[in-house]
Amino acid sequence: MTNKEWRYQLFANKRTVSDSSRFTASSASESCADTDHGVIWSTYLASEQNYGETRDSVILARIPVTQPEKTQTIEVVKKGVVIDGITYNEFLDCNAYLWHSEEYKTVKTHFGETGPVYHAFVRVIFLACPEDYFYTDYDTEAGTFTPIRRLQIRFDGKTQPLTGTAYVEYMKSRNLSGQHGSGDAGESVILTDKLRLLPDGYRYTFATANGTQPVFLRVNDHDDTFEVLGHIPVEGEYETQSAYLNGKFYAIVRSVSAEAEYGAANFWTSEDNGKTWLPGCRVEFAGTRPQCLPYDGKLLVAYSVCGVEPNLVRDGRNNCRLVMGEGPDLSEYKEIFFVTDPRGMVYYDIVDYNKDLYAIWSDASLHLDKNPQAKDVLYMAKIGDLRFIQ
């Protein structure tokens, strides 16, 4: 397919999956596929009265993959709510992943065959108050949340709440030079990397902030304590995305300075389970969240570039380039598409649903006159099964 055909495929067939009649801002989706029930679960930050970079509520969306227009909007927590003596406010990040209990029911599958469908929960994690991490589990059958609890982090034999303070403590213990937080935006430690389950029973992810070395973590599938494994030795900005493929971890780091060490690499690999990282290459991309995920024995990487016209929003946030390949050199990867939209394509999230790929992103369709961040409304579109698209 040509880029023009890809643009039509995505933008002509996109469907709104945030509540645009209720929210004036919706963005930063993190999603997971529930293939037993035909849905994608996506958590995002939203506001009912402010525009652009605003985060007054944490929302969980239940998106039927074949009928996204029937998306269900579920409020996880709202600014100002007091629960067990804690006033929740200043939401800065959220993430979600699907996990299963040992309970299951037997269902018919094919010509009399049967199989188990396990009881599924969506774990929603979020940063609030303003730099403490919390989580709650949503029971997909009962439609209820468990009580909100704190996430924990462990390093050097010590377990403590996962907070910006703990993140700084780790940085100092390793004599790392990175800065914590951002004076103009107030960002603290964030966990925006996908928490994908690997065969060893752990989920792996990065903790990052503004101008810090990305810290690699893992958590047991049913646990709430993250263990520090190592870090990438260059400073990045906010998001780092990772994927596991053929015995290696890969990571793409946002906004590594062109003057940084290790050849200013922003694409890294690890062969020892994330303890140490080796520079792979540098690819020039805009200061926005990239994507990295395994797919059909190869790696998919998505990123945006600056200077693309026409553009009505922040530079570098009106396009998406998707490439696929393997190995540490992204210049050798094949381009799948490069699509643009003057009204934005921000913080795109790519979800693998049984090899069918879906993209979720925000743009400035509603309030371009009020804020150029392109975080007004969330859309979803089907990319498709790349194995059969020429």
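Look up a bit, the structure's there.
A short tour of the structure in this document, coming up. Please read all numbers here as calculations on a predicted model, not as lab measurements. (Residues numbered from 1 in each chain as written. Predicted model: local features only at pLDDT ≥ 70, side-chain atom pairs only at ≥ 80, totals over all residues. Heavy atoms only, no water.)

## Some words on the environment of Glu75
On the secondary structure map, Glu75 appears in strand E5 (residues 72–78). Along the chain, Glu75 and Phe267 lie 192 residues apart, while their C-alpha atoms are 36 Å from each other. Contacts of Glu75, omitting those with residues within four sequence positions, involve Arg22, Glu48, Ser57, Val58, Ile59 and Phe145. A polar atom in the side chain of Glu75 sits 2.8 Å from the side chain of Arg22. (Helix = DSSP H or I, 4+ residues; strand = E, 2+ residues; numbered from the N terminus. Contact = heavy atoms within 4.5 Å. Polar contact = N/O pair within 3.5 Å; in protein donor to acceptor, adjacent residues only side chain to side chain.)

## Re the packing of aromatic side chains
Evaluation of the coordinates by the stated rule reveals 24 aromatic pairs. Ring geometry for Trp41 versus Tyr138: centroids 5.6 Å apart, planes at 55°, classification tilted. Here Trp41, found in strand E3 (residues 39–47), pairs with Tyr138, found in strand E10 (residues 132–139); they are 97 residues apart in sequence, far enough to count as distant. Here Trp41 and Tyr138 have matching classes, each one buried. Directly above the aromatic system of Phe338 lies the positively charged group of Arg321, at a separation of 4.5 Å from the ring centroid. For Lys355, the ring lying beneath its charged end belongs to Tyr295, and the centroid distance is 5.2 Å. (Phe/Tyr/Trp six-rings, centres within 6.5 Å; stacked < 30°, edge-to-face > 60°. Buried < 20%, exposed > 50% of the residue type's maximum accessible area, 1.4 Å probe, protein only. Lys NZ or Arg CZ within 6 Å of the ring centre and 35° of its normal.)

## A look at the sheet that holds strand E23 (residues 267–270)
Pairing is antiparallel across the open sheet formed by four strands, whose spatial order is E21-E22-E23-E24. The sheet terminates laterally at strand E21 (240–245) and strand E24 (278–281), the two strands that pair on one side only. Within the sheet, the average angular offset between the axes of one strand and its neighbour, ignoring direction, is 30°. Across three bridges, E23 lies against E24 in antiparallel orientation. Across the sheet, the residue bridging to Trp268 is Pro279, located in E24. (Pairing = 2+ DSSP bridges. Axes fitted to C-alpha atoms, helices over the stretch in contact; angles between N-to-C directions.)

## Brief notes about the pattern of salt bridges
For the coordinates displayed, the defined rule picks out 21 salt bridges. Across the pair Arg321 and Glu335 runs a salt bridge, and its minimum N-O distance is 2.9 Å. Pair noted here: Arg321 is in strand E27 (residues 319–325) and Glu335 is in strand E28 (residues 334–340), with a separation of 14 residues, a long-range link. Judged by relative accessible area, which is 35%, Glu335 ranks as partly exposed. Linking Lys370 and Asp369 is a salt bridge whose minimum nitrogen-to-oxygen distance equals 3.3 Å. The exposed category is assigned to Asp369, whose relative accessible area is 63%. Overlapping salt bridges bring together Arg22, Glu48, Glu75 and Lys78 as one network. (Salt bridge = Lys/Arg side-chain N within 4 Å of Asp/Glu carboxyl O.)

## Focus on the sheet that holds E5
The four strands lie next to each other as E2-E3-E4-E5, forming an open sheet whose pairing is antiparallel. Edge positions in the sheet fall to strand E2 (25–34) and E5, since each of these pairs with one other strand and no more. Here the average twist between neighbouring strands, direction ignored, is 20°. Sheet analysis places E3 next to strand E4 (residues 57–64), joined by eight bridges and oriented antiparallel. Bridging across to E4, Ser42 finds its partner in Ala61.

## Observations regarding unusual backbone geometry
In this structure, Pro130 follows Cys129 across a cis peptide bond, with omega equal to -15°. Along the chain, the position of Pro130 falls in the loop between strand E9 (114–128) and E10. Cis geometry marks the peptide bond from Glu309 to Pro310, where omega comes out at -5°. Considering the arrangement of structural elements, one finds Pro310 in the loop between strand E26 (298–303) and E27. One non-glycine residue with positive phi stands out, namely Ala374, at about 60°. Looking at the secondary structure, you find Ala374 in the loop between strand E30 (356–363) and strand E31 (377–384).

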